[in-house]
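# Architecture and fold: a report
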Amino acid sequence: MLTQRGLRFFLSPRISFRPMPNSSSAFHTEMHWRSLALLNAFRLLSNIGIFCSVLWLAYKPLNDVSSWYSFLALAGVDSFLVLLFALGIRHRRPGFEIQLSIQVATDVLFIVGLMHLFGGLRSGIGTLLLPYLAAAGLISRGRMTLFHAAMASIALLSEQTWQIWQGNASASDYLPPALLCVASFAVAWLAHRLARFAQASEALAEQRGVDLANLGQLNQRILQDVSDGVLVVDANGVIRQCNEQAIRLAGMRPEGVLLHAMPVIAVALARWRSNPSESPNLITTALTRKTLRPRFISLSNDSHGNVLIYLEDLDKLRREAQQLKLAALGRLTANLAHEIRNPLSAITHAAQLLGEEAEDNALIKRLTRIIDDNGQRLERMVKDVLELNRRDRVQMVQIKLADWLAVFVEQFSMQEEIHVELALECPAHAEIRFDPGHLHQVMWNLSRNGWRYCEKRAGSLSFKVWRENEHWVLDVRNDGPPVAADAQTQLFEPFFTTETKGTGLGLYIAREICAANGAVLEYVAPPETGTCFRIVFGYTYGQKNLI
């Protein structure tokens, strides 16, 4: 089941699951070097703070002027080394562990040197070693921490030994530096444990991130493969995400504001937001002329927030249902076409002979006429059903619509014995690619239906050719009653008819023929009274027909 949270991921549709990287193989990452740079900056700020403190105290911690000069030299050398370390960090040379060990050794020597100038361990400066050791242990992720603690301990004990050698301390004074050494090892061990914990947490977070990314890619793949169009629209009506099916249904990539990209869906969304309990109406896209059923799902508790829109292609569902029906019908007609036609011909022929023999018997004449009418109806039905298997035999040629329609209107008027003028409006340069036989069959079906239901006056049946979005459009209009609203969605379904004598295959076959010739046949409800069937020629999407 596709989750709503998963739909928020807009990733590549190709799934490429990434394993968790090995921490040991990729140890010295950019984050390590950045942390080392921060430690170096902290070292410089500490030097500045110590120098300002000594200057503010006006030499009081120092015994004489020579000690002051020694302090300046020691602070200057350490600050100069800080600048050199910054340059080494920038160029990543030498290696990370070497640089970290050199910096820790420099910090130990600097702090122990300050202790010597300020009177030994009694000055309290030795405690500054602890934050340096902790920071070094965290940066190195636990590696070399005990070595750094041992380095600091050796320096502290050496300085205390020097103080005893100079007579400034006694052998009993080893306890404070020993405690400080123990504290150094304790801080190093704590930093080691914290670093291991941070490393494990980072590895877990990275693995969770990889799993989340893989889940997003999987959901995106599912999103691209669903049969419905999917759009994600935010509270401002901006399209945040769409799948390939939505692009195909819209005839373009929906981008930017939904109102500009797909106005009919924006209107339906606004109506749904005003009344979420109301079922959305069916909509028709402007470019692809697809009949869609939208569904809206809020992605947040606020009904005015992000909305997930499903676009269900009803034309596809109808075609699938029709294909199932026609597949069964095709199997039936393949076996029974000739078996039906042969006895049907015998029945109609016998009825004609019977009618000729009983010229004075009105009852027999009426009965033979009923037999003949129903026989012709069955013949038309069999013919229409057999035409379903021939709709793919297309031989498209260039047709000049003005000349072709003029001849067709004349032939149609003569065949149907129409004695009024049929309106024809067509630009002289209008040309299409269509199978002439197929076009004649479609136009004859539409014209015969239009003449049957019109007022049968001059101009009651009209033909108009015009241009729309680089496509030629042919409207067949009549001034008869419009198609009922409940029947408009079923007009092109096979075997749907409002007449008792109709087969219900005429409009379906006409639309299938138009689709085979790269055209679209649709019913258009005119603003005034009447009926209009529209053919849009050359209406293709890429290299595939829209229908």
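The rules we used
Residues numbered from 1 in each chain as written. Predicted model: local features only at pLDDT ≥ 70, side-chain atom pairs only at ≥ 80, totals over all residues. Heavy atoms only, no water. Helix = DSSP H or I, 4+ residues; strand = E, 2+ residues; numbered from the N terminus. Buried < 20%, exposed > 50% of the residue type's maximum accessible area, 1.4 Å probe, protein only. Contact = heavy atoms within 4.5 Å. Axes fitted to C-alpha atoms, helices over the stretch in contact; angles between N-to-C directions. Left-handed = near helix turned anticlockwise from the far one by under 90°. Nonpolar A, V, L, I, M, F, W, Y, C, P; charged D, E, K, R; others polar. Expected span 1.5 Å × (residues − 1). Parallel < 35°, antiparallel > 145°, perpendicular 65-115°, else oblique. pLDDT = per-residue confidence, 0-100. Pairing = 2+ DSSP bridges.

### Overview of the side chain of T106
- Secondary-structure assignment places T106 in helix α4 (residues 96-117).
- Judged by relative accessible area, T106 falls into the buried class, the value being 12%.
- The contacts of T106, once residues within four sequence positions are left out, are D78, L81 and F85.

### Observations concerning the packing of helix α14 (residues 436-453) against helix α16 (residues 506-516)
- Relative to each other, α14 and α16 sit at 145°, their axes nearing to 9 Å. α14 and α16 meet at a crossing whose hand is left-handed. Together, H438, Q441, V442, N445, L446 and N449 of α14 and G506, L507, I509, A510, I513 and C514 of α16 make up the contact between the two elements.
- Of the residues that constitute the contact of α14 with α16, the class distribution is seven nonpolar, five polar and no charged.

### Quick look at helix α2 (residues 30-56)
- With 27 residues, α2 should reach 39 Å at 1.5 Å per residue; the first-to-last C-alpha distance of 39 Å fits that figure.
- Within α2 the residues assigned to the buried category are H32, W33, L36, L39, N40, R43, S46, N47, I50 and V54.

### Re the packing of helix α6 (residues 145-165) against helix α7 (residues 175-225)
- The interhelical angle for the contact between α6 and α7, taken along N-to-C directions, is 170°, at an axis separation of 9 Å. For the element pair α6 / α7, the angle class is roughly antiparallel. Residues T145, L146, A149, A150, S153, L156, L157 and Q160 of α6 pack against P177, L180, C181, S184, F185, A188 and H192 of α7.
- In the contact of α6 with α7, the residues fall into ten nonpolar, five polar and no charged.

### Describing the confidence of the model for the protein chain
- Looking at the protein chain as a whole, the pLDDT averages 77, with 83% of positions reaching at least 70.
- When the criterion is pLDDT under 50, residues 1-27 qualifies, and its contacts beyond four places in sequence or with other chains add up to 49 contacts.
- This model gives residues 540-547 a pLDDT under 50, and the stretch forms 16 contacts once residues within four places in sequence are excluded.

### Considering the sheet that holds strand β3 (residues 283-284)
- Overall, antiparallel pairing links the five strands, which are arranged β2-β1-β5-β4-β3 in an open sheet. Of all the strands in the sheet, the pair left with one neighbour each is β2 (239-242) and β3.
- Docked against the sheet, helix α10 (residues 263-274) engages β1 (229-233), β3, β4 (291-298) and β5 (307-313), running at close to 125° with respect to β5.

### Details of the pairing of β2
- By the bridge criterion, three bridges tie β1 to β2 in an arrangement that is antiparallel. Bridge pairing links V233 to I239 in β2.
- Between β1 and β2, which pair antiparallel in sequence order, lie five residues; one of them, G237, sits at a positive phi of approximately 80°.

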